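As a plain string of letters, each chain reads:
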Amino acid sequence: MSNQKVLLGTNWKMTKTLSEGRQYVKQLREIEQQLSDQIELFIIPSFPHLYPLKEDVQGTSINIGAQNMHWEEKGAYTGEVSPVMLKELGLDLVEIGHSERRQYYNENDVDVNKKVVAALRHDLKALVCIGENATDKTMNVGKEKVRQQLKIALQHVPAEDVDNVIVAYEPVWAIGENGLPADADYVAEQHDEIRKLLVELYGNKGVETPILYGGSVNKRNFESYLNCQNVSGLFIGRAAWDIDSFRDILFTVNEHHL
Ligand SMILES: O=C(CO)COP(=O)(O)O
């Protein structure tokens, strides 16, 4: 890990009701007061909860982000949400290209690129998710796969906008109930490769781009990932959905990893 801030966030996916989310945020606010300002917290809830939760975190440094968005500003796209709508809620973070979006909703690298460009145009930070699947890994093309995904995601993104990009490396085979936790050595290699590409594309600016790790992060393994040089933080699903479990992780980072 470098000496930048540590980003620690959770993707709630489609798991919480609004009342559960509000209860969680109430507790997270208390936790946040005890953490160093070197830790940056973010939560990615479902669309209908963005506005109330944004209000609930007022006066704290907890960021709220959306799980997805369309690249157009408006139009006949039933069921979609635009960058303008997210901005109007006062948000400044949007997750783009999560593997579940790619897998279940057929999002491809070009869609991801359009969304990244639109997010940056609207002054939203783009949390760009990339990661190889199990076959890519078995066939030994994991590095090529993440390079390709990220290169396409960042087409037409100039160096002056890359400050608003956060990369999340999340190998598909490591995510969710059937996911296998990755070895820290493997994660370190993939993060080094991603850093190399960012530097190829953006020179010194690419050194600063945060690269988060996600996929079966839990209380037993999270420190091994944070110890990797190019891991700037964690993007956590299940192990952060329960506030007590997230609290344990946050306090450990606060005490041992800053
Ligand atoms: O998908 C994830 C974060 O976006 C990670 O999910 P899990 O931590 O539950 O594997």
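Residues numbered from 1 in each chain as written. Predicted model: local features only at pLDDT ≥ 70, side-chain atom pairs only at ≥ 80, totals over all residues. Heavy atoms only, no water.

- As annotated in an unreviewed UniProt entry, the protein chain carries the name Triosephosphate isomerase and comes from Gracilibacillus halophilus YIM-C55.5.
- Turning to the protein chain, the UniProt annotation filed under Subunit (unreviewed entry) states: "Homodimer."
- Word for word, the UniProt comment on the protein chain under Sequence similarities (unreviewed entry) is "Belongs to the triosephosphate isomerase family." (UniProt positions renumbered as here; feature names shortened; annotations may be inferred.)

Observations regarding the pairing of strand 6 (residues 165-169)
Residues in a regular strand point their side chains to alternate faces of the sheet.
(1) Moving on: Of all 5 residues in strand 6, 5 are buried, a share of seventy percent or more.
(2) Moving on: Of the two faces of strand 6, the one carrying Val165, Val167 and Tyr169 and the one carrying Ile166 and Ala168 are both buried.
(3) Moving on: Here 5 bridges tie strand 5 (residues 125-130) to strand 6, and the two strands are oriented parallel to one another. The residue bridging alanine 126 from the neighbouring strand is valine 165, located in strand 6. (Buried < 20%, exposed > 50% of the residue type's maximum accessible area, 1.4 Å probe, protein only. Helix = DSSP H or I, 4+ residues; strand = E, 2+ residues; numbered from the N terminus. Pairing = 2+ DSSP bridges.)

Observations regarding the side chain of asparagine 113
(1) Moving on: Residue placement: asparagine 113 occurs in helix 5 (residues 109-121).
(2) Moving on: A relative accessible area of 9% places asparagine 113 in the buried class.
(3) Moving on: Within the structure, the side chain of asparagine 113 is placed 3.0 Å from the backbone oxygen of isoleucine 152, a separation counted as a polar contact.
(4) Moving on: Non-local contacts of asparagine 113, meaning those with residues more than four positions away in its chain, are made with Ile152, Ala153, Leu154, Gln155 and His156. (Polar contact = N/O pair within 3.5 Å; in protein donor to acceptor, adjacent residues only side chain to side chain. Contact = heavy atoms within 4.5 Å.)

Brief notes about the side chain of serine 46
(1) Moving on: Along the chain, serine 46 turns up in the loop between strand 2 (39-44) and helix 2 (50-56).
(2) Moving on: One polar contact links the side chain of serine 46 to the main-chain carbonyl oxygen of lysine 13, over a distance of 3.3 Å.
(3) Moving on: Filtering out sequence-adjacent residues up to four positions away, serine 46 remains in contact with Lys13, Met14 and Gln67.

So, unusual backbone geometry
Excluding glycine, residues mostly carry a negative phi; peptide bonds, for their part, are mostly trans.
(1) Moving on: Its identity is not glycine, yet aspartate 123 carries a phi of approximately 65°, on the positive side.
(2) Moving on: Structurally, the position occupied by aspartate 123 is in the loop between helix 5 and strand 5.
(3) Moving on: Positive phi outside glycine occurs at histidine 156, with the angle close to 65°.
(4) Moving on: Within the secondary structure, histidine 156 sits in the loop between helix 7 (142-153) and strand 6.
(5) Moving on: Judged by relative accessible area, which is 65%, histidine 156 ranks as exposed.

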